[in-house]
Structures are given as structure tokens and as C-alpha cells.
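Report on the structure
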Amino acid sequence: PGDCACARRAAAATTMAHLADVSTEQLMEELRRRVECIDKPEKRVILVGPPGCGKGSQSPAIKQEHCLCHLATGDMLRAAVKAGTELGKTAKKAMDSGGLVSDDLVVGIIEDAVKAPECSKGFILD
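Scope of this entry: the structure provided in the associated data block.

About the thresholds
- Starting from 1, residues in each chain are numbered consecutively following that chain's sequence as written.
- Confidence filtering applies because this is a predicted model: local features only for residues at pLDDT of at least 70, side-chain atom pairs given and counted only at 80 or more, and all residues used for totals across whole chains, interfaces and linings.
- Excluding hydrogens and water, the side-chain values take into account all heavy atoms of the structure.
- Helix and strand assignments follow DSSP, with helices taken as H or I runs no shorter than four residues and strands as E runs no shorter than two, numbered in order from the N terminus.
- We call a residue buried when its accessible area falls under 20% of the maximum for its residue type, exposed when it is over 50%, and partly exposed in between, using a 1.4 Å probe and counting protein chains only.
- The method behind every accessible area is Shrake-Rupley, applied with a 1.4 Å probe, and residues are considered shielded solely by the protein chains displayed.
- The definition of a nonpolar core used throughout is a set of buried Ala, Val, Leu, Ile, Met, Phe, Trp, Tyr and Cys residues joined through side-chain atoms within 4.5 Å.
- Contacts between residues were defined by any pair of non-hydrogen atoms, one from each residue, lying within 4.5 Å.

**Digging into the overall build of the protein chain**
- A tally of helices and strands in the protein chain yields six helices and three strands.
- Going from N to C terminus, the protein chain has its helices and strands arranged as α-α-β-α-β-α-α-α-β.
- Of all 126 residues assigned to the protein chain, the portion counted as buried reaches 26%.
- Surface summary for the protein chain: the accessible area is close to 8,600 Å², and the carbon and sulfur share equals 58%.

See the structure below:
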């Protein structure tokens, strides 16, 4: 789980390094979005369904409307594998063998991710 936090901090540092490349209009739009989110109630949404049923298609609209972060565990696991984190290496072993990634590992990824500032109003889990 700590590996996810390190990866997120590194990504945030990279994002901040490129903040000068963001237009004033884009920054103002993000500020407006954040102000609108202040009074939104907290929510936890779990989308369940088979692959290809539209969970990922619906998530952006729900995320925008309710000021939530989107946690796609499959994407999170693939990112950890790609980043070569310890957590990713453990997940890769299970994936390569055709097995399931342990619940403890997935829960650890989720627990770490929901601590991110963008998840302060809640999250969508799919």
C-alpha cells in the first residue's frame, strides 16, 4: 500500500512541474469546479457488472456530477505493475499465473487511494 502513495506523490510532482503549461482558463475552470464541490455531500458508489456493461462509461458523468474520484481497481493494479512497485510485483505474479490478486492487496490499494485529496467527497469503485 505504501508503494501506491509513493507513486501518487511522484505523479503529483510531475503534474506540478507541468502546471506552467496549463492555461489560465483551465486553472480557473478547475477552481470553479472545486468551489462547486464544497457543498456536495460525501458519497461512496460501487458499480457492479460484467466487463463491457458500461461501468467505465458511466463513471466520468457520475464523477463530475458528484465531485468524486474514480477508482478502477484493474487500472490501479496495472499501474502498480507498470510502475514496478512491490505491490505491483506481487500482483503481477498472481496475474501471470492466471490467479486472482488477493483481497488484502486490492483492499490495500483502495485504502491508500481513498486518502488522496480528490477523494475527499467520496469515490466511485468499479
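**Thoughts on the nonpolar core**
- Counting 16 residues, the largest nonpolar core has Leu71, Leu77, Val101 and Leu105 as the members making the most contacts within it.
- Of all the secondary structure elements, the ones that give two or more residues to this core are strand E2 (69-71), helix H4 (73-83), helix H5 (86-96), helix H6 (103-113) and strand E3 (122-125).
- Examining the composition of this core, we find that four residues originate from one element, H6, more than from any other.
- With sequence-adjacent residues up to four places away left out, Val101 is seen in contact with Leu77, Ala91, Ala94, Met95 and Val106.

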